[in-house]
Amino acid sequence: MNKRNSMLSIVTVVAIAGILFASTYSQSQMTATKYGVSTVSGNLIQKISDMGGIELQMPSAFAQVPLDQIDSMVQQGRHVVDVQLTAQSVDLPIMGGGKYHAMTFNGQVPSPTVRVTQGDIIKMTLTVPSTEPTPHGNDMHASQISAGNFGAVKPGESKTFAYIAEVPGTFKYHCSGVNVAAMDQHVLSGMYGLTIVDPLNGYKPLLVQKTKVDNGQVVLDRQIVSADAKEFVLEYNQLYLNADGSYNQQAMFLHNTTQTVVNGFAFGYVPNADINKLVKGDPSKNIFVAQPWNSADLKQYQSHPLFVDTGVHYRIFVENQGNMPVFFHIVGEIIDRVTQGNHIQAEGTETWNIGGSQGAIMDVVFDNPGVYVPLNHDYAAIFSGGASVVVAGDPFNLGYKPGDMPNPSDAVPPLGKNSIPQKEVVHCLCTDDTAAQIAKQIGG
Ligand SMILES: [Cu+2]
């Protein structure tokens, strides 16, 4: 089967799945995790929930920076990055129609990407407004402080902690629930984000090894590509939902995914009606059959493919925020390099397995114009939302130049070491208020 036909069959299944997943929803926010627990794991989870969570009764042995020492550390030369997170439970749309009960930091899923340089102090403040139906917590994997140490922040309160980001790489951060109780619900409903810790001395140049013919002989052609790159962030997760949009813990225990999401959306990075019009001259003539978010009146939720230039270094920060492995693969491409924690793990690999709450940096140069599909090569994940579309160069001969086409704002991380800026368009699984703030930030 050629690539085009295989994609069409994928998206046909997806379109049907989209109809199946469609739900209407009108209930108010749910606050507790009491779902079918006894049938899955006995009474233990319920007991933990009733106890108010798990608190470690032992002395702190964690690398926290005392808040009253930050100023003097700055005077000595440290940089401080202030991260303000506000818990916000809100209903957000899902593929196929309807909404689900999302829990967010700052009104968006995923939460804002934090980007720092190795050695910076991250000072994080979590505020839980009095209107929130439940306490929340925070666990930043870039730190060496446990969620138990941070504890739960009650509605109407806020709490700050600080640490030095000592290790470069990609690191999840997430809500820790109410002293760990209901943590699964809070994270899988949207309270997760990414911290990128850039290596102090910047990223390494990329070696791309090919072959060429020289004097009638096939020889190796080693090309060194600058560390400077255009960048994306792709965070994979699952939704486990009841038909009314509430969290289904039993489905989570059984790994029975309702939808697979990338940066919060099932199929969020696929062509939309505007692109259909550009390519086909008709917004209703699909170039990608599954277009659950395709209409312009969906505003920030309208789907948008990722546009890349050929021959340019792309650095893709991938984080598995979910509960199942991500077999990261790009249909049509070989990943030039995989890095974790500033160590090169692979060069020239077809697929890289990323476990739950693990990340990796994928370096890729797209050589040829065409359409590529980054995905989780688990078939259940592909068909339930875990496929995105990358358009390299100008394969449809539309006449745009490299860098002309904007990329979805939620797929472009803040600029850091060795970043090349990109044009952005507002795209986020976020509230209208958050979308307006993002529009201001990107000048859109
Ligand atoms: Cu929470």
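Residues numbered from 1 in each chain as written. Predicted model: local features only at pLDDT ≥ 70, side-chain atom pairs only at ≥ 80, totals over all residues.

Caption draft 1: Looking closely at the overall build of the protein chain. Secondary structure assignment for the protein chain yields 10 helices and 25 strands. The 444 residues of the protein chain split such that 48% are buried. (Helix = DSSP H or I, 4+ residues; strand = E, 2+ residues; numbered from the N terminus. Buried ≥ 20, exposed ≤ 12 C-beta atoms within 10 Å, placed from the backbone.)

Caption draft 2: Structural view of unusual backbone geometry. Cis geometry is found at the peptide bond from V109 to P110, where omega equals -10 degrees. Among the secondary structure elements, P110 is positioned in the loop between β3 (108-109) and β4 (114-117). One non-glycine residue, N106, lies in the positive phi region at around 65 degrees. Counting through the fold element by element, N106 comes out in the loop between β2 (99-105) and β3.

Caption draft 3: Highlighting the pairing of strand β11 (residues 217-225). By the criterion of burial, β11 is predominantly exposed, with just 0 of the 9 residues buried. Where strand β10 (residues 206-214) meets β11, 9 bridges bridge the pair, whose relative direction is antiparallel. Within β11, the position partnered with K210 by the bridge is D221. (Pairing = 2+ DSSP bridges.)

Caption draft 4: Looking closely at the sheet that holds strand β14 (residues 306-308). Spatial ordering of the open sheet is given by β14-β22-β21-β16-β19, a layout of 5 strands whose pairing is mixed. Two strands in the sheet have a free side with no partner beyond their single neighbour: β14 and β19 (351-354). Neighbour-to-neighbour, the strand axes of this sheet turn through a mean angle of 20 degrees, independent of strand direction. Both strand β16 (residues 326-331) and β19 contribute to a ladder of 4 bridges, which runs antiparallel. Bridging from a neighbouring strand, V326 pairs with I354 of β19. (Axes fitted to C-alpha atoms, helices over the stretch in contact; angles between N-to-C directions.)

Caption draft 5: Looking closely at helix α10 (residues 432-442). Considered for burial, the residues of α10 that qualify are T434, A435 and I438. All buried residues of α10 project into a common sector of 100 degrees when viewed along the axis, lining one side. In α10, the exposed positions that point more than 90 degrees away from the buried face belong to D432, A436 and K440. Against β3 and β25 (429-430) lie the buried residues of α10. G443 sits one or two positions beyond α10 and adopts a positive phi of about 70 degrees. (Arc of directions from axis to C-beta. Contact = placed C-beta atoms within 7 Å.)

Caption draft 6: Main features of the nonpolar core. Counting residues in each nonpolar core, the largest one holds 100 residues, and the members touching the most others are I122, F232, L234, I316, V318, M362 and V364. Mapped onto the domain boundaries, this core takes at least three residues apiece from domain 1 (3-23 + 204-442) and domain 2 (64-198). (Core = buried A, V, L, I, M, F, W, Y, C linked by C-beta atoms within 7 Å. Domains from an automatic or database assignment.)

Caption draft 7: Seen up close, the environment of I361. Mapped onto the elements of the fold, I361 is located in strand β20 (residues 358-365). Sequence spacing of I361 and R337 is 24 residues, and the spatial spacing of their C-alpha atoms is 8.0 Å. Setting aside residues up to four positions removed in sequence, I361 forms contacts with T170, R315, F317 and T339.

Caption draft 8: Main features of the sheet that holds strand β6 (residues 139-140). As summarised here, the arrangement of the 4 strands in space is β4-β9-β8-β6, forming an open sheet in which the pairing is mixed. Two strands bound the open sheet, and with one partner strand each, they are β4 and β6. Note: strand β8 (residues 169-174) against strand β9 (residues 192-198), 6 bridges, orientation antiparallel. Considered in β9, the bridge of H174 is made with Y192.

Caption draft 9: Broad picture of the confidence of the model for the protein chain. With 85% of its residues at a pLDDT of 70 or more, the protein chain shows a mean pLDDT of 87. This stretch, residues 1-39, has a pLDDT under 50; its non-local contacts, to residues over four places away or in other chains, come to 68 contacts. (pLDDT = per-residue confidence, 0-100.)

Caption draft 10: Local environment of the environment of T211. Mapped onto the elements, T211 comes out in strand β10. With near-sequence residues (within four places) excluded, T211 lies in contact with V218, V219, L220 and D221.

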